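Fold and contact review
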Amino acid sequence: MDGKKLQELRELVEFLKANGIAQFEMEQEDLKIALTFEGAATAPAASGLDMAQFAQLLAAQRGPSAPVAAAPVASAPVAAAAPVVAADPHAGLHIVKSPIVGTFYNSPSPDSDAFVSVGDKVEVGKVLCIVEAMKLMNEIESDAAGEIVEVLVKPGQPVEYGQPLFAVKAR
């Protein structure tokens, strides 16, 4: 998969998450993608889109100021979907994101207390969690001082690079 297609795939995932789409399927001659997001708000499933149709949806979402090069669209019509617009519950909060792909743990061992909980005050450098990657335990530290407002993942849950882990009300 070339860099352009990989970037388009990343944009696709972000678009689906931002619009609360719980399931998505796409098939091309050399690529087939089926995504299901756990805990996603119930919204209509999007399926049967090719990359050109996705590019058109993404361009419509971005508005006219951001041009997107799209291949000719297949003759199958795409049903117009009303964009789901929701207020960002984390607006004004600092989001601590995962710097690596791995498994999230909120405590050093299963029988230990969590590093932090909702309502805890944290300083820059305070260990918030561990992300295990290839049997290495990577401590994730706070990059902002403030109060933990929300823990966005559950212990044992796989996390992706850049995935939000904590919402912090910064001081």
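Residues numbered from 1 in each chain as written. Predicted model: local features only at pLDDT ≥ 70, side-chain atom pairs only at ≥ 80, totals over all residues. Heavy atoms only, no water.

1. Some thoughts on the sheet that holds strand β10 (residues 158–159)
Taken in spatial order, the 4 strands make up an open sheet running β8-β7-β5-β10, and their pairing is antiparallel. Strand pairing shows two members of the sheet lacking a second neighbour, β8 (136–141) and β10, which therefore form its edges. Across 6 bridges, the pairing between strand β7 (residues 127–133) and β8 is antiparallel. Residue pairing in the sheet places isoleucine 130 in a bridge with glutamate 139 of β8. (Pairing = 2+ DSSP bridges. Helix = DSSP H or I, 4+ residues; strand = E, 2+ residues; numbered from the N terminus.)

2. Points about the pairing of strand β9 (residues 146–151)
By the bridge criterion, 2 bridges tie strand β6 (residues 121–122) to β9 in an arrangement that is antiparallel. Looking at the pairing, valine 122 lines up with glycine 146 of β9. One ladder, built from 5 bridges, connects β9 with strand β11 (residues 164–170); its direction is antiparallel. By the bridge assignment, isoleucine 148 is partnered in β11 with valine 168.

3. A closer look at the nonpolar core
Grouped together as the largest cluster of nonpolar side chains are 14 residues, with contacts concentrated most on Phe104, Leu128, Cys129, Ile148, Leu165 and Phe166. Those elements that place two or more of their residues in this core are β7 and β11. Sequence-distant contacts of leucine 128, defined by excluding residues within four places in its chain, comprise Val96, Asn106, Phe115, Val116, Val122, Ile140, Glu141, Ser142, Ile148 and Phe166. Counting residues in each nonpolar core, the second largest holds 9 residues, with Phe15, Phe24, Leu31 and Ile33 among its members. (Core = buried A, V, L, I, M, F, W, Y, C linked by side-chain atoms within 4.5 Å. Buried < 20%, exposed > 50% of the residue type's maximum accessible area, 1.4 Å probe, protein only. Contact = heavy atoms within 4.5 Å.)

4. Re the sheet that holds β11
The 4 strands are arranged β4-β11-β9-β6 in an open sheet whose pairing can be described as antiparallel. Either end of the sheet is taken by a strand with one partner, and the two such strands are β4 (94–97) and β6. Note that β4 and β11 share 4 bridges and pair antiparallel. Within β11, the residue paired with isoleucine 95 across the bridge is alanine 167.

5. As for unusual backbone geometry
Trans is the common state for peptide bonds, and a negative phi is the common state for residues other than glycine. Unlike most non-glycine residues, methionine 134 shows phi in positive territory, near 55 degrees. Assignment of secondary structure puts methionine 134 in the loop between β7 and β8. A relative accessible area of 80% places methionine 134 in the exposed class. Phi angles above zero are rare outside glycine, and lysine 135 is one such case at about 70 degrees. As for its position among the elements, lysine 135 is in the loop between β7 and β8.

6. Focus on the pattern of salt bridges
If you walk through the whole model with that rule in mind, you get 2 salt bridges. We note a salt bridge from lysine 121 to glutamate 147, for which the minimum N-O separation is 3.0 Å. Of the two residues, lysine 121 is situated in strand β6 and glutamate 147 in strand β9; the sequence distance between them amounts to 26 residues. Two residues, glutamate 123 and arginine 171, come together in a salt bridge whose shortest N-O distance is 2.3 Å. Residue glutamate 123 is located in the loop between β6 and β7, and its partner arginine 171 is located in the segment after β11; the two are separated by 48 residues in the primary sequence. A relative accessible area of 65% places arginine 171 in the exposed class. (Salt bridge = Lys/Arg side-chain N within 4 Å of Asp/Glu carboxyl O.)

7. Focus: the packing of aromatic side chains
For the structure shown, the criterion picks out 1 aromatic pair. Ring geometry for phenylalanine 104 versus phenylalanine 166: centroids 6.0 Å apart, planes at 55 degrees, classification tilted. Residue phenylalanine 104 is located in strand β5 (residues 102–105), and its partner phenylalanine 166 is located in strand β11; the two are separated by 62 residues in the primary sequence. By relative accessible area, phenylalanine 166 is classed as buried at 1%. (Phe/Tyr/Trp six-rings, centres within 6.5 Å; stacked < 30°, edge-to-face > 60°.)

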